[in-house]
Amino acid sequence: MLRFLLNRLALVVPTLIGITICAFSFVRLLPGDPILALAGQHGVTPERYEQLKIQFGFDKPLWQQYFNYIGEILRGDFGESISTHRPFMTEFMALFPATVELSLCAIILAMVVGIPVGIWAATRRGTWIDQGLMGTALVGYSMPIFWWGLLLIILFSTTLGWTPVSGRIALNFFFKPITGFMTIDSLLYGNWPAFFSALRYLILPTIVLATIPLAVLARQTRSAMLEVMGEDYVRTARAKGLSPSRVVGLHALRNALIPVVTTIGLQVGVLLGGAILTETIFAWPGIGKWMVDSIYKRDYVVVQSGLLLIALVVMAVNLIVDILYAVINPRIRVQT
Amino acid sequence: MTTEIAPVSAAANTSRFAALREFWHYFSQSRGAVLGLIVFSLLVLIALFAPWIAPHDPIEQYKEFFLEPPAFSGGQPQFWLGTDPVGRDILSRLIHGARFSLLIGAVVVVLALAGGIILGLLAGYFRGWVDVVIMRVMDLILAFPYLLLALVLVTILGPGLFNAMFAIAITLLPFFARLTRGAVMAEKNREYVVSARLAGASHIRLMVVTILPNCLAPLIVQATLCFSDAILGAAALGFLGLGAQPPTPEWGTMLASAREFIQRAPWVVTFPGLCILVTVLAINLIGDGLRDALDPKLKRS
């Protein structure tokens, strides 16, 4: 196990360096002058320009600039936003919980619905139930989620008036964040109306963001189940006269879920990509919307540091999933 | 001499024909795949003949007909699916949009496939440091959520349809490179490759002529799936205002400008998205059918 861990960690190092090089190069590859882009100013005097050049360290050779950048990152200094002049980290930490809350709800919804649907389709293989479920899953998998979100808004918000169009909680509720998760915070304060308000705001974005992972999980669970159902130990269990629910639940499902766990891990990157679109449509105050807005506003400090931190988060989650996977499945540990 | 060669090539032709027939046999087992193929063929025809099918010019603005509802719900009879906020005929724009979506899919897949095959061949054939460098760069691309990476690349390159296609092709590159590398490594030490090498074939000939044709099946399936990913990705970039620029009748871009009108004119939003969904769904149906038909493991069961 230790060897597996060390091997896996060794693979992370080049990616880690690569991510910092990407973030470092981003600003330098932008069209136009990177110094002016970072300062967010145009038409500065030559003296001011020289001043900025020294301030950002552009007067030094490239390799030295890179090591300075690494030094800043290691000190936890991610620069300050051009448009708000607040430290990047302060803004990031204020918005990140919103994205995590939405993503967690989406992945939970995808698992709670997707896995049972996959099992159901597998146990009814070839029937119209199977075909109907898998047809629906393929539609979900092919869905342009930005359009799907707009359709749901037209139906549930503007026509039926059941859910709010955009935002995270009704404006009359305001409290100091504890965890940053609106649903949990409102419960911690014992504020039930706020909790239900947060829930009403959460439901449509969650459905939209969960759509593709849900479809992927349903398809993956079905094929994993079908593969396992043909194995000898399942046939043995069946031949022993165990009830079908016991065969499926106890013998097949446990082994079928192993590849499904990896799929869930791989969906993290997909979720963060989907969050960009979902948060934009629903004006959800999270990292995805912040990144898009920062691109529009040419706030390249935020884009650069956001790129870096999001990649680090995705990498960390994938690493944790890989290690968990090795804990569940001893075969992986032996192979590597 | 020619009479001696002819039967051989004829035999090769029949075996190729037989392989094709066998493939079609398995592919046509899936009704979904055949349906997908029919829809996709229709889309290709619509795209090819767009200027002749479309009732109006896609960028002509009819000043007296802003946000006209579709003909079937009380609109003007000459605008079947209504008009958009600046008075352009939506049906004509959708028909021309088919050209852009298919073009996007084709260009992105060709770019990603060509790049991925070259990188994968080099990595799998030479191994060593070439392999390490190429595969670590591919890992790096996969470390970023693909839409974020595409957004950042477009920020660097500037918004526009071609830059969006290029950015999406880069995000899809690792899938083809990994697949090719794996297949090359599996084939490299087979007897036919060794004998070709002993016969004096050059590295390039070994890679491209000897090994590559035997790695094609998984690449074809992946290319189909990436075709739909590319259309979705480009539409998403268009929706965010960083893909094709107005007045280009690209479906995602059409949605972007329609967002403010969801209350007043839902048809402006409904139809472009429906077109994206139907196109992507048709291609995914074909992809599923191809995978089942080309995967020998599934054939036996």
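Model, not experiment: these values are computed from the prediction. (Residues numbered from 1 in each chain as written. Chains lettered and ligands numbered in written order. Predicted model: local features only at pLDDT ≥ 70, side-chain atom pairs only at ≥ 80, totals over all residues.)

What follows deals with the overall build of chain B. In terms of helices and strands, chain B carries 13 helices and zero strands. Along chain B, helices and strands appear, N-terminal first, in the series α-α-α-α-α-α-α-α-α-α-α-α-α. Within chain B, counting contacts between residues at least 6 apart in sequence, those at least 24 apart form 70% of the total. (Helix = DSSP H or I, 4+ residues; strand = E, 2+ residues; numbered from the N terminus. Contact = placed C-beta atoms within 7 Å.)

Before going further, it helps to spend a moment on the overall build of chain A. Summing up its helical and strand segments, chain A has 14 helices and zero strands in all. The linear arrangement of helices and strands in chain A, starting from the amino end, is α-α-α-α-α-α-α-α-α-α-α-α-α-α. Along the first, second and third principal axes, the C-alpha atoms of chain A reach 85 × 55 × 40 Å. Looking at chain A as a whole, 37% of its 336 residues qualify as buried. Within chain A, contacts between residues at least 6 apart in sequence are counted, and of these 71% link residues at least 24 apart. (Buried ≥ 20, exposed ≤ 12 C-beta atoms within 10 Å, placed from the backbone.)

Right, let's talk about helix H9 (residues 192-229) of chain A for a bit. Residues and elements named next belong to chain A. For H9, built from 38 residues, the straight-helix expectation of 56 Å at 1.5 Å per residue is missed by more than 12%, its first-to-last C-alpha distance being only 46 Å. Thr211 marks the point of greatest bend in H9, at about 45°, and the proline Pro213 comes within the next four residues. Across the 38 residues that make up H9, a large majority, 28, are buried. (Expected span 1.5 Å × (residues − 1). Bend = angle between axes of the 7 residues up to and from the residue.)

Let us look at helix H5 (residues 88-123) of chain A. If you check H5 of chain A, its first and last C-alpha atoms are 51 Å apart, about what 36 residues at 1.5 Å a residue would give, namely 52 Å. Of all the bends in H5 of chain A, the largest measures some 30° and sits at Leu95 of chain A, one to four residues before the proline Pro97 of chain A.

Turning our attention to the packing of helix H11 (residues 244-282) of chain A against helix H6 (residues 146-157) of chain B. The geometry of H11 of chain A relative to H6 of chain B is characterised by a closest axis approach of 6 Å and an angle of 60° between their N-to-C directions. In terms of orientation, H11 of chain A and H6 of chain B fall into the oblique class. Listed contacts from H6 of chain B to Leu272, Gly273 and Ile276 of chain A of H11 of chain A are Tyr146, Leu147 and Leu148 of chain B. Tallied by class, residues from the contact of H11 of chain A with H6 of chain B come to five nonpolar, one polar and no charged. (Axes fitted to C-alpha atoms, helices over the stretch in contact; angles between N-to-C directions. Parallel < 35°, antiparallel > 145°, perpendicular 65-115°, else oblique. Nonpolar A, V, L, I, M, F, W, Y, C, P; charged D, E, K, R; others polar.)

Listed as interface residues are 33 residues of chain B and, on the opposing side, 35 residues of chain A. Where the side of chain B that touches chain A is concerned, the elements lending two or more residues are helix H5 (128-143), H6, helix H10 (216-239) and helix H12 (266-294) of chain B. Per-element tally for the side of chain B that touches chain A: the top contributor is H12 of chain B, with nine residues.

So, about unusual backbone geometry. Pro246 of chain B connects to Pro247 of chain B through a cis peptide bond whose omega is 5°. With respect to the helices, strands and loops of the structure, Pro247 of chain B is situated in the loop between H10 and helix H11 (251-258). Its identity is not glycine, yet His85 of chain A carries a phi of approximately 60°, on the positive side. Structurally, the position occupied by His85 of chain A is in the loop between helix H4 (62-74) and H5. One non-glycine residue, Ala283 of chain A, lies in the positive phi region at around 50°. Checked against the element boundaries, Ala283 of chain A lands in the loop between H11 and helix H12 (287-296). Ala283 of chain A gets classed as partly exposed once you count the C-beta atoms within 10 Å, which come to 13.

Moving on to the nonpolar core. One finds Leu307 of chain A together with Leu148, Ala150, Ile168 and Ala230 of chain B to be the most contacted residues of the largest nonpolar core, which totals 170 residues. At 19 residues, the largest contribution of residues to this core is made by H9 of chain A. Apart from the residues within four sequence positions on either side, Ala230 of chain B is in contact with Ile104, Gly105, Val108, Val109, Ile168 and Leu172 of chain B. (Core = buried A, V, L, I, M, F, W, Y, C linked by C-beta atoms within 7 Å.)

In this section: the environment of Ala177 of chain B. All names here are of chain B. Here Ala177 lies in helix H7 (residues 161-188). Judged by C-beta crowding, with 26 C-beta atoms within 10 Å, Ala177 ranks as buried. Taking the C-alpha atoms as reference, Ala177 lies 7.8 Å from Leu121; in sequence the two are 56 residues apart.

With that settled, the discussion passes to the packing of helix H7 (residues 145-159) of chain A against H9 of chain A. In a packed pair of helices, the relevant descriptors are the angle between the two axes and the axis-to-axis distance. Residues and elements named next belong to chain A. At their nearest, the axes of H7 and H9 sit 10 Å apart, and the two run at 145° to each other. Crossing hand, H7 versus H9: right-handed. In this structure, H7 uses Ile145, Trp148, Gly149, Leu152, Ile153 and Phe156 to contact H9, whose residues at the interface are Leu204, Ile207, Val208, Thr211 and Ile212. Taken together, the residues that form the contact of H7 with H9 break down as nine nonpolar, two polar and no charged. (Left-handed = near helix turned anticlockwise from the far one by under 90°.)

Summarising the model, chain A shows a mean pLDDT of 85, and 97% of its residues fall at 70 or more. Looking over chain A, one finds the lowest element-wise mean pLDDT in helix H14 (residues 330-335) of chain A, namely 63, and the highest in helix H6 (residues 128-141) of chain A, namely 93. (pLDDT = per-residue confidence, 0-100.)

This part covers the environment of Leu150 of chain A. Residue and element names in this part refer to chain A. In this structure, Leu150 sits in helix H7. Under the C-beta neighbour-count criterion, Leu150 is labelled buried, with 22 such atoms within 10 Å. Taking the C-alpha atoms as reference, Leu150 lies 9.8 Å from Thr278; in sequence the two are 128 residues apart.

Residues and elements named next belong to chain B. Taken as a whole, chain B shows an average pLDDT of 85; of its residues, 93% reach a score of 70 or greater. Here residues 1-8 is modelled with pLDDT under 50, and outside its nearest four sequence neighbours on either side it reaches zero contacts, counting other chains as well. Under the prediction, the complex receives an ipTM of 0.87, its pTM being 0.88.

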